[in-house]
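Residues per chain, in single letters:
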Amino acid sequence: VARTVQNTLNEYSKSPVLHLFYRKVRQLTYCRLQLLCSDLGIDAALEEKIWTLLQFVLTCTPSLVKHRCIDQILLCSVYGMCKVINQELQFKHIVTHYRQLPSASPEVYRHVYIQPGQYNSVIVFYNMVFMPTLKVVLLKFLPEKQVRCGQHVVHVEK
């Protein structure tokens, strides 16, 4: 994932205007991620994984960002990564803390673009669009000693 992100970043650096725009989006996204993670009590290691996922989305899956607020992607990335590493954190809890961020808006989690003419909540977006698009990427973050079997996680002994 990190290599794919770096290759795309190298492409952006060829256009100064695009590079500047992308850098500002990344800075804003990282700042908001830090605030949210701090508020939720998420440790630095998990925050780094969420940041890697966010960079992947920004650089490699622009279709997820199109017609959407970056905060919607942020909320889904936090929830998705917490699910993958088995850190219990409900979407409702994430949204509650998100509301306390500067410039937070109820529209971000209540009115998310799903497909042409269809808008719904951020949870519906996560289930219908975000997760199906990024499932393979998210599974790359599974801890090495765990294997998912349907809804269950099996711990594998070495």
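What you are looking at is a predicted structure, and each value in this text was computed from that prediction instead of being measured.

The rules we used
- Residues numbered from 1 in each chain as written.
- Predicted model: local features only at pLDDT ≥ 70, side-chain atom pairs only at ≥ 80, totals over all residues.
- Heavy atoms only, no water.
- Core = buried A, V, L, I, M, F, W, Y, C linked by side-chain atoms within 4.5 Å.
- Buried < 20%, exposed > 50% of the residue type's maximum accessible area, 1.4 Å probe, protein only.
- Helix = DSSP H or I, 4+ residues; strand = E, 2+ residues; numbered from the N terminus.
- Contact = heavy atoms within 4.5 Å.
- Phe/Tyr/Trp six-rings, centres within 6.5 Å; stacked < 30°, edge-to-face > 60°.
- Axes fitted to C-alpha atoms, helices over the stretch in contact; angles between N-to-C directions.
- Parallel < 35°, antiparallel > 145°, perpendicular 65-115°, else oblique.
- Left-handed = near helix turned anticlockwise from the far one by under 90°.
- Nonpolar A, V, L, I, M, F, W, Y, C, P; charged D, E, K, R; others polar.
- Expected span 1.5 Å × (residues − 1).

Further remarks concern the nonpolar core. Ranked by size, the top nonpolar core spans 45 residues in total, and within it Val78 and Phe130 carry the most contacts. Of all elements in the fold, only α2 (16-40), α3 (44-60), α5 (70-84), α6 (91-98), α7 (106-110), β1 (112-115) and α8 (122-139) reach the threshold of two or more residues within this core. Top element by residues in this core is α5. It accounts for 10 residues. Leaving out residues up to four positions away in the same chain, Phe130 has contacts with Leu53, Val57, Leu64, Ile73, Cys76, Ser77, Phe125 and Leu138.

Right, let's get into unusual backbone geometry. For His67, which is not a glycine, the phi torsion comes out positive at approximately 70 degrees. For His67, the location among the structural elements is in the loop between α4 (62-65) and α5. Although it is not a glycine, Asn86 sits at a positive phi angle of roughly 65 degrees.

Right, let's get into the packing of aromatic side chains. For the structure on display, the rule yields 8 aromatic pairs. Geometrically, the ring pair formed by Tyr98 and Tyr109 is edge-to-face, given 6.2 Å between the ring centres and 85 degrees between the ring planes. Note that Tyr98 is positioned in helix α6 and Tyr109 in helix α7, a separation of 11 residues in sequence. Looking at Tyr98, the relative accessible area reads 0%, which means it is buried. With relative accessibility at 10%, the residue Tyr109 sits in the buried group. Here a set of aromatic residues connected by ring pairs shows up, and it is made of Tyr79, Phe91, Phe125, Tyr126 and Phe130.

On to the packing of α2 against α3, then. It is the contact of α2 with α3, at a shortest axis distance of 11 Å, that shows an interaxial angle of 150 degrees. By the criterion of interaxial angle, the relationship of α2 to α3 is roughly antiparallel. As α2 packs across α3, the resulting crossing turns out to be right-handed. For the pair α2 and α3, the contacting residues are Tyr22, Val25, Arg26, Thr29, Tyr30, Leu33, Gln34 and Cys37 in the first and Glu47, Ile50, Trp51, Leu54, Gln55, Leu58 and Thr59 in the second. For the contact of α2 with α3, the class distribution of residues is 9 nonpolar, 4 polar and 2 charged.

Moving on to the environment of Cys76. Its place among the elements puts Cys76 in helix α5. Put simply, Cys76 and Val122 are 46 residues apart on the chain and 7.6 Å apart in space, counted from C-alpha to C-alpha. Not counting the four nearest positions on each side in its chain, Cys76 is found in contact with Phe91, Val122, Phe125, Tyr126 and Phe130.

Relative to the helices and strands, His97 resides in helix α6. Its relative accessible area of 15% is what places His97 among the buried residues.

Its 25 residues give α2 an end-to-end C-alpha distance of 36 Å, which sits within 8% of 36 Å, the value for a rise of 1.5 Å per residue. Phi for Gly41, located one or two positions after α2, is positive at around 75 degrees.

Moving on to the environment of Pro116. Position of Pro116 among the secondary structure elements: in the loop between β1 and β2 (118-120). Judged by relative accessible area, which is 70%, Pro116 ranks as exposed. As for Pro116 and His67, which are separated by 49 residues in sequence, their C-alpha atoms are 9.9 Å apart.

In this section: the packing of α5 against α6. Relative to each other, α5 and α6 sit at 140 degrees, their axes nearing to 10 Å. Put simply, α5 runs oblique to α6. α5 and α6 meet at a crossing whose hand is right-handed. Contacts from Asp71, Leu75, Cys76, Val78 and Tyr79 of α5 reach α6 at Phe91, Ile94 and Tyr98. Broken down by class, the residue content of the contact of α5 with α6 amounts to 7 nonpolar, no polar and 1 charged.

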